[in-house]
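# Understanding the architecture of this molecule
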Amino acid sequence: MKAARIHKIGFSGLSIALALASGSAWADARAQLDTFTQGLKTLDGGFTQQVYDQKGRLKESSAGKVSMSSPNLFRWQYVKPYQQLIVADGKTVWIYEPDLQQVSKRPQGIEEQSSPLAALVDRSKLDKQFNVADGGQNGGLEWLTLTPKTKAGASFENAQLGFNQRGLAKVVITDGLGQRTEMNFGTWKRNARLPASSFRFSPPKGVDVIGQ
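Okay, so let's go over this structure. Given the structure is predicted, the values throughout are model-derived calculations rather than measurements.

## With respect to the pattern of salt bridges
Under the criterion given, the structure shown has 4 salt bridges. The residue R180 makes a salt bridge to E182 at a minimum N-O spacing of 2.8 Å. By relative accessible area, which is 25% here, R180 ends up partly exposed. Exposure remark for E182: the relative accessible area of 12% places this residue in the buried category.

Encoded structure:
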């Protein structure tokens, strides 16, 4: 059986979409965050991603598109360097790799529910699950830092969100082993109409399906 190649994807914190104006005062930044997340239902945009090991060496680079819908629907579509589709339909996470003719599936659980991505679409989870702090200014961006309040079951140590005048520009996620994932975002579409089919998946005929 062919082995699946699974990206370090944004479910772990990854792929968070906000559109805040930068501000020098933490109180102002938090107020804008609260205003933006109010009524947020869908987000859609493109990204590039780099994964670094504990010594800062580049392991992989990729690019694609992410769509999400409140409260727990996700679609990650990698197009470079090879195609991979990841769909979370609220009950199951599907990972489809066309060139391997393989689909992996698993129950959608705590990892997705406790991610910053899910928390920002479901506003009630943000302060309940994370400590949110001012991260200062660096590299021309205003930063916020999210750390899980409960370490047990958390898939990352911290997530740093970098904002410019156009909104969320970058997310840096560090896991418990010191591996770092950096995601750079383009223009976001907020509350766009996303077809229900975006968050459904049926394995194509003839592919191997592994998992629960």
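## Side note on the nonpolar core
Grouped together as the largest cluster of nonpolar side chains are 27 residues, with contacts concentrated most on F47, W76, L161, L168 and F185. Judged by nonpolar contacts, the second largest core, of 7 residues, contains L85, V87, F201 and V207.

## What about the packing of aromatic side chains?
Counted by the stated rule, this structure contains 6 aromatic pairs. Ring geometry for F47 and W76: centres 5.1 Å apart, planes at 65°, overall edge-to-face. On the criterion of sequence distance, the pair formed by F47 in strand β1 (residues 42–52) and W76 in strand β3 (residues 73–80) is long-range, its members being 29 residues apart. Here the two residues F47 and W76 agree in accessibility, since each one is buried. Relative to F201, the ring of Y96 lies with its centre 5.7 Å away and its plane at 45°, an arrangement referred to as tilted. Taken together, the residues Y96 in strand β5 (residues 92–97) and F201 in the loop between β12 (189–190) and β13 (208–211) connect sequence positions 105 residues apart. For the pair Y96 and F201, a shared accessibility class is recorded, and that class is buried. Joined through ring pairs, the aromatic side chains of F47, W76 and Y78 make up one cluster. The ring of Y52 is capped by R180, whose NZ or CZ atom sits 4.4 Å from the centre of that ring.

Cut-off values and rules
- Residues numbered from 1 in each chain as written.
- Predicted model: local features only at pLDDT ≥ 70, side-chain atom pairs only at ≥ 80, totals over all residues.
- Heavy atoms only, no water.
- Salt bridge = Lys/Arg side-chain N within 4 Å of Asp/Glu carboxyl O.
- Buried < 20%, exposed > 50% of the residue type's maximum accessible area, 1.4 Å probe, protein only.
- Core = buried A, V, L, I, M, F, W, Y, C linked by side-chain atoms within 4.5 Å.
- Phe/Tyr/Trp six-rings, centres within 6.5 Å; stacked < 30°, edge-to-face > 60°.
- Helix = DSSP H or I, 4+ residues; strand = E, 2+ residues; numbered from the N terminus.
- Lys NZ or Arg CZ within 6 Å of the ring centre and 35° of its normal.

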